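If you want the building blocks of each chain, they are given just below.
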Amino acid sequence: MRGALGGPRVLLRRLREVMSEPASAQERLDRIVVLIASNMVAEVCSVYVARADNTLELYATEGLNREAVHLTTMRMDEGLVGLIAREAQPLSLSDAHQHPSFSYRPETGEEIYNSFLGVPILRGGNAIGVLVVQNRAARVYTEEEVEALQTTAMVLAEMVAGGELEALARPGSGGTVIRRPLQLKAEPISDGIGLGHVVLHEPRVEIKNLVADDPELESRRLQEALEQLRASIDDLVDSGGLSHAGEHRDVLETFRMFANDRGWIRRLQEAVNTGLTAEAAVERVQSDVRARLLRQTDPYLRERLHDLDDLANRLLHQLTGTAFTLAAENLPENAILVARAMGPAALLEYQRLRLRGLILEEGGSTSHVAIVARALGIPAVGKAEGIVGLVEPGDAIIIDGHAGEVQIRPQPDVQTAYAERARLRARRQEQYRALRDKPPVTKDGVAIDLQLNAGLLVDLPNLDETGAAGVGLFRTEILFMVAPSLPRAQQQEALYRTIIDIAGRKPVTFRTLDIGGDKVLPYLKKIEEENPALGWRAVRVGLDRPALLRTQFRALLNAARERELRIMLPMVATVEEFEAARAMLLRERERQKRLSQAGPKQVHLGVMLEVPSLLFDLERIIDRVDFISIGTNDLMQFMFAVDRDNALVSTRFDPLHPAFLRALGRVAALANERGKRVSICGEMAGKPLEAMALLGLGFRSFSMSPSGIGPIKALVRAIDVTALQEFVATRLAEGVEAPRMRADLADFAGAAELSF
Ligand code: PEP
Ligand code: MG
């Protein structure tokens, strides 16, 4: 197309002039449609904007009846305009009336126009409006014309996203779609309610100039940036280095493939040819790619979208000369962090007190960053599909980490309701805090030991805040997971000593590395296994790679100078495995003595009971260990053969199932009979009804996440444990049906006037 006024470059320049003239938003839109129509030698040019109520409203027109502006609306499933918005693809027709989706609107007077070209107005791959030109004569629009109209639509996208058009919408329509309130279901990661404003973990590059002054210069800038991009990716691949997001080689190889992709590069060049700046061209092409790939159901293709997003982002940084900055610096108050994915160390860089929540597009509740979010007590959700593309920085947003809900741009009544819930929660927390210094003793005078689960240094202040008696489970692998490289013996020793020092007189039970399964150390080679939960993990790795376990024992022994040292072994399946690990620990202790190094006053070595085979060798194992800690998360997974990380089955069986309770009861009975310490450190321990069942089975020691201590202490102090024990024993002896047990315990709690 070469219209009367000189093609897309001239059009873009004129558009820029219109945008900078002082005028109201409506006047500006009116001038824009006149400009486009005359430039493209079209009789009609119209702008439709998508509204919050899922309709498209005519916002401006040249050529159609002007009375129809802000009156004509189309549903998303209606007409050619609706089709373009739905599919987010251009549509070009020489005889529009023949198209099955054509819908006639008498008020517009459009029946006399035969040819039709419409393009979506895109933001983040979603259509937020449609731009149309029409001609009376039946004609075929050229590819260049389609391209030019798409470029023009980009300018309109900026206007819509900038909020300028908000006030123009017909009253009662709820405004434009881009500002509409949205509710999203996500996976709960970390409990709590947070109200605040969106901060993108990886801020978008702001493009200040859409229209090029000198297209030749832009073309050169694009080529140079592409060159540098390729070179930097080659460097990364060759050095095997890890970039800021912890990408691995596969991702880099994919980058390299795209960075050399002719189709992608051609499209970028074409966008520059229409008169866009190089950065605007990148944004435009990426928007089209997103629009296409977002509508794919193939997970592989959708995954590629993320790679392409990353690549486009790198190119934008290259072009604008801005460094990759994460939002960690200059974090505003009440920030709710939104990220596609994030590593655990990155989260630790943010100022905790300003963070109100974390929303991840990809990570789930077992991701490493999830563990850190829980440790920091930040409400968090994961698997929030498409969240990054749905929010703008600064948008109001609410996260409910318990229900797994996200409210984007919530209405005032929704905000009030959540604020009220957050207040209630805070009041309950206040009540629990008041219990901090009260002893966890039951009504009938039985002392219960309540300890914490921890895995990072940031967990330790919880000891003081909750009044817990110690750390019953320190997951040492979490320290390893957030470290940039495998911590050497001395680094480990320093870490363990700091932990012991902070805990002061309170004991800490260190669990040796429980890596493997879902817990992958980023700097160790990942081994592909069909069934990682049943694979090479935990103590199995330690026994097969003795240097790893030996170093850890040595570091722990050196750290615990003149103090008591408690160590436990994860995932032990046989007595022999325990013996082998114990022999290794004893050798290290002997070595320490031989070298006259200061060591612990006393060493206790315990076993985690997580594999059912040990349940059938209880008599033998119990005499060899100093204590037993039951990991009910894994024990449940293996007893019922349910993958704890698979949402389809993980909640299929109730931990209060009589079969499970009987198995646990046997351990409690035998340990109590032999005078061996036994405790529970799985999630069950921190849940009131579950903890009641465990107390009823004879357990007196529990280790749980910090948020559990308050509610469980309140429960302990209100309960008569002798009566509870009788109740549980009777119900199990009577052969209670599985689903009844939970209800029966709730009744018992109700009768004791307990509420949780
Ligand atoms: C368990 O399995 O119950 C446990 C406490 O260990 P983790 O959750 O770390 O596997
Ligand atoms: Mg476990």
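Nothing here was measured: the structure is a model prediction, and the numbers come from that model. (Residues numbered from 1 in each chain as written. Chains lettered and ligands numbered in written order. Predicted model: local features only at pLDDT ≥ 70, side-chain atom pairs only at ≥ 80, totals over all residues. Heavy atoms only, no water.)

**Observations concerning the site of ligand 1**
Right, on to step 1. Surveying the vicinity of ligand 1 reveals 14 residues, the closest of which are R475, R511, E610, N633 and R644.
Right, on to step 2. Side-chain polar atom of E610 to an oxygen atom of ligand 1: 2.8 Å apart, as the coordinates give it.
Right, on to step 3. Within the backbone of G631, a nitrogen or oxygen atom sits 3.4 Å from an oxygen atom of ligand 1.
Right, on to step 4. In isolation ligand 1 exposes 290 Å². Once the protein is present, 99% of that is buried.
Right, on to step 5. Elements that contribute at least two residues to the shell around ligand 1 include exactly β16 (471-475) and α21 (632-639).
Right, on to step 6. A per-element tally of the shell around ligand 1 places α21 first, with three residues. (Near = heavy atom within 4 Å. Polar contact = N/O pair within 3.5 Å; in protein donor to acceptor, adjacent residues only side chain to side chain. Areas by Shrake-Rupley, 256 points an atom, 1.4 Å probe, with all protein chains shown as cover. Helix = DSSP H or I, 4+ residues; strand = E, 2+ residues; numbered from the N terminus.)

**Considerations on the coordination of the magnesium ion (ligand 2)**
Right, on to step 1. Note on the magnesium ion (ligand 2): its protein donors are E610 (OE) and D634 (OD). The metal-donor distances range over 2.0 Å. Taken as a pair, E610 in the loop between β19 (602-609) and α20 (618-624) and D634 in helix α21 lie far apart in primary sequence, 24 residues in all. (Donors = N, O, S within 2.8 Å, 3.2 Å for Na, K, Ca; no water.)

**Some details on the pairing of strand β14 (residues 405-408)**
Right, on to step 1. Because side chains alternate across β14, one face comprises the buried residues E405 and Q407, and the other comprises V406 and I408, equally buried.
Right, on to step 2. Bridging between strand β7 (residues 182-185) and β14 involves four bridges; their strand directions are antiparallel. Along β14, the bridge assignment pairs L182 with I408.
Right, on to step 3. Counting the residues that bridge the hairpin from strand β13 (residues 396-400) to β14 gives four residues, and of these G404 lies at a positive phi of roughly 70°. (Buried < 20%, exposed > 50% of the residue type's maximum accessible area, 1.4 Å probe, protein only. Pairing = 2+ DSSP bridges.)

**Details of the pattern of salt bridges**
Right, on to step 1. In this structure the tally under the stated criterion is 55 salt bridges.
Right, on to step 2. In this structure, D654 and R742 form a salt bridge, with 2.8 Å as the shortest nitrogen-oxygen distance. Of this pair, D654 sits in the loop between α21 and α22 (658-674) while R742 is found in helix α26 (residues 738-751), placing the two residues 88 residues apart along the sequence.
Right, on to step 3. Judged by relative accessible area, D654 falls into the partly exposed class, the value being 24%.
Right, on to step 4. R731 is the partner of D744 in a salt bridge, and the nearest nitrogen-oxygen pair spans 2.5 Å. Here D744, found in helix α26, pairs with R731, found in helix α25 (residues 721-733); they are 13 residues apart in sequence, far enough to count as distant. Comparing D744 with R731, the two get one shared label, buried. (Salt bridge = Lys/Arg side-chain N within 4 Å of Asp/Glu carboxyl O.)

**Overview of the environment of G599**
Right, on to step 1. By the element assignment, G599 lies in the loop between α19 (575-594) and β19.
Right, on to step 2. Apart from the residues within four sequence positions on either side, G599 is in contact with L557, A560, R561, E562, R589 and Q592. (Contact = heavy atoms within 4.5 Å.)

**What to know about the side chain of E78**
Right, on to step 1. Structurally, E78 is set in the loop between β3 (73-75) and α3 (79-87).
Right, on to step 2. With relative accessibility at 16%, the residue E78 sits in the buried group.
Right, on to step 3. Within the local environment of E78, its side chain forms a polar contact with the backbone nitrogen of R75, the two atoms lying 2.8 Å apart.
Right, on to step 4. Among all residues touching E78, those that are not within four sequence positions of it are L83, R86, S103 and R105.

**Topic: the packing of helix α8 (residues 278-294) against helix α9 (residues 299-320)**
Any two packed helices are characterised by the angle at which their axes cross and by the distance between the axes.
Right, on to step 1. The geometry of α8 relative to α9 is characterised by a closest axis approach of 10 Å and an angle of 175° between their N-to-C directions. When the axis of α8 is compared with that of α9, the two are roughly antiparallel. Where α8 abuts α9, its residues A278, E279, V282, E283, Q286, V289, R290, L293 and L294 lie against L301, R302, L305, L308, D309, A312, L315, L316, L319 and T320.
Right, on to step 2. Considered class by class, the residues forming the contact of α8 with α9 number twelve nonpolar, two polar and five charged. (Axes fitted to C-alpha atoms, helices over the stretch in contact; angles between N-to-C directions. Parallel < 35°, antiparallel > 145°, perpendicular 65-115°, else oblique. Nonpolar A, V, L, I, M, F, W, Y, C, P; charged D, E, K, R; others polar.)

**What about the sheet that holds strand β5 (residues 115-123)?**
Right, on to step 1. The six strands are arranged β3-β2-β1-β6-β5-β4 in an open sheet whose pairing can be described as antiparallel. Strands at the two margins of the open sheet, each flanked by one partner only, are β3 and β4 (91-93). Sheet twist, expressed as the mean angle between neighbouring strand axes with direction ignored, is 20°.
Right, on to step 2. In terms of strand pairing, strand β1 (residues 44-50) meets strand β2 (residues 55-62) through six bridges, oriented antiparallel. Residue pairing in the sheet places V47 in a bridge with A60 of β2.

**So, the packing of aromatic side chains**
Right, on to step 1. Counted according to the given criterion, the structure contains five aromatic pairs.
Right, on to step 2. A centroid spacing of 5.7 Å and a plane angle of 50° characterise the contact between F474 and F510, whose relative ring orientation is tilted. Pair noted here: F474 is in strand β16 and F510 is in strand β17 (residues 508-511), with a separation of 36 residues, a long-range link.
Right, on to step 3. Ring pairs connect the aromatic residues F474, Y496 and F510, which therefore count as one cluster. (Phe/Tyr/Trp six-rings, centres within 6.5 Å; stacked < 30°, edge-to-face > 60°.)

**Focus: the packing of α25 against α26**
Right, on to step 1. Viewed as axis vectors pointing N to C, α25 and α26 meet at an angle of 155°, and their least axial separation amounts to 12 Å. By the criterion of interaxial angle, the relationship of α25 to α26 is roughly antiparallel. Crossing of α25 over α26 shows right-handed handedness. Counting all contacts with α25, which are made through A723, L724, F727, V728 and R731, the residues of α26 involved are M741, D744, L745 and F748.
Right, on to step 2. Residues belonging to the contact of α25 with α26 are distributed by class as follows: seven nonpolar, no polar and two charged. (Left-handed = near helix turned anticlockwise from the far one by under 90°.)

**Thoughts on the domain arrangement of the protein**
Right, on to step 1. On domain assignment, one finds that the protein holds domain 1 (7-178), domain 2 (182-203 + 326-426), domain 3 (215-320), domain 4 (435-450 + 646-680 + 682-756) and domain 5 (470-631).
Right, on to step 2. For domain 4 and domain 5, the distance between their C-alpha centres works out to 27 Å.
Right, on to step 3. Contact with domain 4, which involves 17 residues of that partner, is made by 19 residues of domain 5.
Right, on to step 4. Of the roughly 1500 Å² buried between domain 4 and domain 5 on both sides combined, carbon and sulfur atoms contribute 52%. (Domains from an automatic or database assignment. Buried area = accessible area lost by both parts, 1.4 Å probe.)

**Thoughts on α26**
Right, on to step 1. In this model α26 runs 21 Å from its N-terminal to its C-terminal C-alpha over 14 residues, within 8% of the 20 Å that 1.5 Å per residue would give.
Right, on to step 2. Packing partners of the buried residues in α26 comprise α22, α23 (688-697) and α25.
Right, on to step 3. In the stretch just after α26, E753 is the one whose phi turns positive, near 55°. (Expected span 1.5 Å × (residues − 1).)

**Focus on the side chain of T442**
Right, on to step 1. Along the polypeptide, T442 turns up in the loop between α13 (412-434) and β15 (449-454).
Right, on to step 2. Assessed through its relative accessible area of 4%, T442 is described here as buried.
Right, on to step 3. Those residues in contact with T442 that sit more than four places away from it in its chain are I448, V716, I719 and V721.

**A few points about the confidence of the model for the protein**
Note that predicted coordinates carrying low pLDDT should not be read in detail.
Right, on to step 1. The predicted model of the protein averages 90 in pLDDT, with 96% of residues at 70 or higher.
Right, on to step 2. Below a pLDDT of 50 lies the segment residues 1-5, which in the model reaches 16 contacts outside its immediate sequence neighbourhood of four places, other chains included.
Right, on to step 3. Segment residues 241-247 is flagged for pLDDT under 50; beyond a separation of four residues in sequence, or across chains, it makes ten contacts in the model. (pLDDT = per-residue confidence, 0-100.)

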